[in-house]
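What the coordinates show
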Amino acid sequence: MNSIFEYFADIFHTVKSLLTGMKVTGRYFFSPWEIVTQQYPENRKTLKMYDRFKGEVIMPHNDHNEHRCTGCGICETACPNGTIEIIQAKIDMPDGKKKRIIDRHIYHLGMCTFCGLCIKACPSDALAWGQEFEHAVFDRSKLNKTLNQPGSSIIKDIVE
Amino acid sequence: MNFSIYDFTSFNQWIDKFLNDNLPAFWAVAVEMVIIGVAILLFYALVGLFLVYAERKVCAFMQNRVGPNRVGPYGFFQTIADFIKLMLKELIYIKNADQLLFNLAPFIVIIASFMAIAAIPFAKGLHAIDFDIGVLYVIAVSSLGVVGILLAGWSSNNKYSLIGAMRSGAQIVSYELSVGLSLITIIILAGTMQFSEIVEGQRDGWFIFKGHIPAFIAFIIFLISSTAETNRGPFDLAEAESELTAGFHTEYSGIKFAFFFLAEYMNMFIVASIAATVFLGGWMPFHVGSWAGFNHVMDFIPPFVWYIGKTFFVIWVMMWFKWTFPRLRIDQLLTLEWKYLLPINLVNILIMAFIVLMGWHF
């Protein structure tokens, strides 16, 4: 007797839950003005991407053209597909020691899969996600970017 | 000669008379067949293109999107662009496929749906052939499509295709039963299997209202099982993109793929037509018992508009199912049919027979 009751209760619950789902989609259907997607080429001027959006890897610079990259090369090691290339330079410190710094941080956007491992691996938070996403170019070599700006230097308080 | 959009009988008789006056009897019939074939083919292509567009738009609205909106106003010519693209695509030669069956399969699928459309009454007199066993004919012919699907899966020589085809086979064999039994429920009420008589029997009220609760249950079961029979979501295990790439038509490209694609939408159209004809009165306007004035106003809307309106309503409900529910697993699918739909259906037939016997229906 109990199993028969369960059988019909099952049908009742199924119908109820299916109708709940259909109510949601039905309401969406009858309110076509509610659009959650971005109407991209039209709203290009006003489009604001979200903080979590992974457009490209960038190296933020402050007002004095200073970045946080020490040139340690951990991001280069962390990258699974060889997107990042670190070219180091050596400078003479005032105390006579030699010190490694970053010369060029080369980022091959064309090879990047946007996994974000370089950003997670960076010990000094030098890398971040940029919001730019219109990367289409006519020449592949334009996708090879140098992330540190010319003439930039490291922020003084970074501890290696 | 008076033609009217309310009754195509005189128009048909006029064509028939014209051809018989000018041609020998054999050629008159041959020309009539060609005319009907071309007319149905054109209708088929137009409805197919429109349904693909409608599906994409309905899906978009149900997901709070805009849908196709680039080609033409509101993206109306999107499917025509897609169709041209499909026509221009290369037909890939599959090395280890059974060439004969591989090329034959899309035609079997499309012919099955093409044959079923012949028996459907579009309006008064607009009816290619009016069998006295019309319902049986449509059920028989529309289930031929599974042969094409099985052949496509087998001859592709691909594991995904084969699994998809086998699932489709199991699914259609199971759900064909429910489709048939739910139609039988209404046949008991109507007392005939001829489509024109079924429609005529709904002059004073559609069967879904005349048959009380059993007719309504039969309608719901028909909707569920026919959705499954046309391999549409949430019963689209046969093509299950996420598991089987594209199921039975994985290896097809270009126009052969387009045939499968079109046949899927036309099967949906045919199933919706049957639902509209058998349960919702076909081309018969909405009549309420003794409200003469109301019935008269409803009669002004041409039958073809009624038919198309009801059919597209059913299609819309099926799209609503597809874009709301997640896909069932194969064991859930068979459980639904054999443990729930089939017993309910059998009891439902019994109740309907009892109601008809006691004369409790309207």
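Here the structure is shown first, and the text comes after it.
Let's talk about the overall build of chain A
For chain A, the helix and strand inventory stands at three helices and seven strands. Taken over C-alpha atoms, the radius of gyration comes to 26 Å for chain A, far larger than the 15 Å a tight globule of 160 residues would show. Taken along the three principal axes of its C-alpha coordinates, chain A extends 90 × 45 × 30 Å. Excluding contacts between residues fewer than 6 apart, the proportion of contacts in chain A whose partners are at least 24 apart in sequence is 68%. Averaging the coordinates of the 20 positive side-chain charges in chain A and doing the same for the 19 negative ones gives two points 1 Å apart.

Regarding the interface of chain B and chain A
Facing 19 residues of chain B, the contacting portion of chain A comprises 19 residues. The junction of chain B with chain A conceals about 1700 Å² of combined surface from both sides, 66% of it contributed by carbon and sulfur atoms. Broken down residue by residue, the surface that chain B buries against chain A is led by Phe61, Asn64 and Tyr340 of chain B, which jointly contribute 34%. Where chain B packs against chain A, one counts one salt bridge. Note that Glu42 of chain A and Arg70 of chain B form a salt bridge whose closest N and O atoms lie 3.1 Å from each other. Taken together, chain B and chain A are joined by seven residue pairs in polar contact (both at pLDDT 80 or more). For the side of chain B that touches chain A, the secondary-structure elements that each account for two or more residues are α2 (25-62), α14 (303-322) and α15 (330-358) of chain B. With four residues, α15 of chain B is the single largest residue contributor to the side of chain B that touches chain A.

Brief notes about empty space enclosed by the protein
Residue and element names in this part refer to chain B. Scanning the entire structure with this criterion turns up four cavities of 30 Å³ or more. The computed volume of the largest cavity comes to approximately 230 Å³. What lines the largest cavity is a set of 19 residues, among which Ile149, Glu229, Thr230, Asn231 and Asn267 lie closest to the centre. Those elements that place two or more of their residues in the lining of the largest cavity are α6 (145-155) and α12 (254-278). The element that contributes the greatest number of residues to the lining of the largest cavity is α12, accounting for six residues. Looking at the lining of the largest cavity, its residues break down into nine nonpolar, seven polar and three charged.

A look at the side chain of Gln171 of chain B
Residue and element names in this part refer to chain B. On the secondary structure map, Gln171 appears in helix α7 (residues 159-190). The class for Gln171 is buried, based on a relative accessible area of 0%. At a separation of 2.7 Å, a polar atom in the side chain of Gln171 contacts the main-chain carbonyl oxygen of Ala228. Every residue in contact with Gln171, bar those within four places of it in the chain, is listed here: Ala228, Asn231, Phe235, Leu237, Ala238 and Leu333.

A word on the environment of Glu176 of chain B
Residues and elements named next belong to chain B. As for its position among the elements, Glu176 is in helix α7. The exposure class assigned to Glu176 is buried, which follows from its relative accessible area of 16%. For the pair formed by Glu176 and Ala228, sequence separation is 52 residues and the distance between their alpha carbons is 9.0 Å.

Things to note about the pairing of strand β3 (residues 84-92) of chain A
Residues and elements named next belong to chain A. Here nine bridges tie β3 to strand β4 (residues 98-108), and the two strands are oriented antiparallel to one another. If you follow Ala89 over to β4, its bridge partner there is Ile101. The turn linking β3 back onto β4 is made up of five residues, and Gly96 within it adopts a positive phi angle of 90°.

Criteria and thresholds
Residues numbered from 1 in each chain as written. Chains lettered and ligands numbered in written order. Predicted model: local features only at pLDDT ≥ 70, side-chain atom pairs only at ≥ 80, totals over all residues. Heavy atoms only, no water. Helix = DSSP H or I, 4+ residues; strand = E, 2+ residues; numbered from the N terminus. Rg over C-alpha atoms; globule rule 2.2 N^0.38 Å. Contact = heavy atoms within 4.5 Å. Lys, Arg positive; Asp, Glu negative; His and termini not counted. Charge placed at Lys NZ, Arg CZ, Asp CG, Glu CD. Buried area = accessible area lost by both parts, 1.4 Å probe. Salt bridge = Lys/Arg side-chain N within 4 Å of Asp/Glu carboxyl O. Polar contact = N/O pair within 3.5 Å; in protein donor to acceptor, adjacent residues only side chain to side chain. 1 Å grid on protein atoms, 1.4 Å probe; cavity = no way out; pocket = protein on both sides within 12 Å on 5 of 7 lines; lining within 4 Å. Points joined across faces, edges and corners; volume = space filled by probe spheres on them. Nonpolar A, V, L, I, M, F, W, Y, C, P; charged D, E, K, R; others polar. Buried < 20%, exposed > 50% of the residue type's maximum accessible area, 1.4 Å probe, protein only. Pairing = 2+ DSSP bridges.

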